[in-house]
Amino acid sequence: MAGGVAKNDQRRLAEVSGLARDRALLGRSSTAERVADILRDRITEGYFPPGVRLSEEGIGGALGVSRNTLREAFRLLTHERLLVHRLNRGVFVRLVTVADLDDIYRVRTLVECAAVRGLGAAPHDAEATEAIAAIEAAVRAGETASHDRAWQDLSTANIRFHQAIVALAGSPRTDELMRGVLAELRLVFHVMDDPRRFHAPYLTRNRQIVEALQAGDAAEAERLLVSYLEDSRSQLSGAYAQHIAEQ
């Protein structure tokens, strides 16, 4: 019996020893994820526009990270469909296709409408009430941006509105999924470069959706959202297809 315990202890020590060798990998991975977070934010803000080549030397030097760390960050963002690697040419911010755009809206409709549908009737619990308050805050931010003619801020507020809708589901995995989907969508808006045209007309509809949620009418909010997303997809897809054809 004692011999068996000793052998088990030795095995566990060997496992821990092997795991300890992975610490270096964990450190590099964590750094790469932080670099990916920085680059993701810059891409979605339009600092690196669609189609631009990312310089390993320039970015690595600016952030003070190794080439291996930067390449891992590039790999993560390629997996998220924000970057694309072209053989012998380098890494580029991805240009979204019209088919991609339609698929993005297909995912948005499935996820956002399900989040609203799952809310159910009032009264809501504290978590749902907090999520609805975040939607209201995003709507108000959009209205303020429109009043101030701050069109990029309006675009950001609209993205936050939809992120807050998804947060109604109370699912970190769904939040992460939609973060990538909405970041990819912003690549389209950066190409169109006209946030007022594509966001200002929907401010009133944002307000109607949040008021339905505040009133406890999830069915009406979902109905409004379905119509909203279909009209948005049709408008943006048509304009984007025309823009791509003219290039």
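That block above? That's the structure.
### Here's the deal with the overall build of the chain
Okay, step 1: Scanning the chain for helices and strands turns up eleven helices and three strands.
Okay, step 2: Mapped from its N terminus to its C terminus, the chain presents α and β elements in the order α-α-β-α-α-β-β-α-α-α-α-α-α-α.
Okay, step 3: Looking at the 247 residues of the chain, the share that counts as buried comes to 39%.
Okay, step 4: As presented, the chain carries roughly 13,800 Å² of accessible surface, and 51% of it is formed by carbon and sulfur atoms.

### Thoughts on the environment of Gly 170
Okay, step 1: Looking at where Gly 170 falls in the secondary structure, it is placed in the loop between α7 (151-166) and α8 (172-192).
Okay, step 2: Relative accessible area serves as the criterion here: at 40%, Gly 170 is assigned to the partly exposed category.
Okay, step 3: The spatial distance from the C-alpha of Gly 170 to the C-alpha of Ala 131 is 8.6 Å, given a sequence separation of 39 residues.

### Points about the pairing of strand β2 (residues 83-86)
Okay, step 1: Alignment of β2 against strand β3 (residues 90-93), held across four bridges, turns out to be antiparallel. Along β3, the bridge assignment pairs His 85 with Val 91.
Okay, step 2: Joining the antiparallel neighbours β2 and β3 is a turn of three residues, in which Asn 88 adopts a positive phi near 65°.

### Here we look at the side chain of Glu 112
Okay, step 1: Checked against the element boundaries, Glu 112 lands in helix α5 (residues 98-117).
Okay, step 2: The class of Glu 112 is buried, set by a relative accessible area of 0%.
Okay, step 3: In this structure Glu 112 touches His 162, Ile 165, Val 166, Met 178, Leu 225 and Leu 229, once residues within four positions along its chain are discounted.

### Brief notes about α5
Okay, step 1: For α5, which comprises 20 residues, the first-to-last C-alpha distance of 28 Å matches the rise-based estimate of 28 Å (1.5 Å per residue) to within 8%.
Okay, step 2: Taken together, the buried positions of α5 are occupied by Asp 100, Leu 101, Ile 104, Tyr 105, Arg 108, Val 111, Glu 112, Cys 113, Ala 115 and Val 116.
Okay, step 3: Elements that come into contact with the buried residues of α5 comprise α7, α8, α10 (203-214) and α11 (218-246).

### A closer look at the environment of Arg 94
Okay, step 1: With respect to the secondary-structure elements, Arg 94 resides in the loop between β3 and α5.
Okay, step 2: In this structure, the C-alpha to C-alpha distance between Arg 94 and Arg 53, residues 41 residues apart in sequence, is 9.5 Å.
Okay, step 3: In contact with Arg 94, not counting residues within four places along its chain, are Pro 50, Arg 81, Leu 82, Leu 83, Val 84, Asp 100, Glu 184 and Leu 187.

### Examining the sheet that holds β2
Okay, step 1: The three strands lie next to each other as β1-β3-β2, forming an open sheet whose pairing is antiparallel. Across the chains shown, the open sheet's two edge strands, defined by having one partner strand only, are β1 (53-54) and β2.

### Things to note about the packing of aromatic side chains
Okay, step 1: A full pass over the atoms with the stated rule returns three aromatic pairs.
Okay, step 2: Ring centres 4.9 Å apart and planes at 85° place the aromatic pair Tyr 47 and Phe 48 in the edge-to-face group.
Okay, step 3: A residue is classified by how much of its surface remains accessible, and Tyr 47, at 52% relative accessible area, is exposed.
Okay, step 4: Taking the relative accessible area as the measure of exposure, Phe 48 reaches 15% and is therefore buried.
Okay, step 5: Their ring planes at 45° and their centres at 6.3 Å tell us that Phe 189 and Phe 198 sit as a pair that is tilted.
Okay, step 6: Looking at Phe 189, the relative accessible area reads 11%, which means it is buried.
Okay, step 7: Across the ring face of Tyr 47, the terminal group of Arg 42 is positioned such that the distance to the ring centre comes to 4.4 Å.
Okay, step 8: Its end group placed over the ring of Tyr 105, Arg 108 keeps NZ or CZ at 4.9 Å from the ring centre.

Parameters at a glance
- Residues numbered from 1 in each chain as written.
- Predicted model: local features only at pLDDT ≥ 70, side-chain atom pairs only at ≥ 80, totals over all residues.
- Heavy atoms only, no water.
- Helix = DSSP H or I, 4+ residues; strand = E, 2+ residues; numbered from the N terminus.
- Buried < 20%, exposed > 50% of the residue type's maximum accessible area, 1.4 Å probe, protein only.
- Areas by Shrake-Rupley, 256 points an atom, 1.4 Å probe, with all protein chains shown as cover.
- Pairing = 2+ DSSP bridges.
- Contact = heavy atoms within 4.5 Å.
- Expected span 1.5 Å × (residues − 1).
- Phe/Tyr/Trp six-rings, centres within 6.5 Å; stacked < 30°, edge-to-face > 60°.
- Lys NZ or Arg CZ within 6 Å of the ring centre and 35° of its normal.

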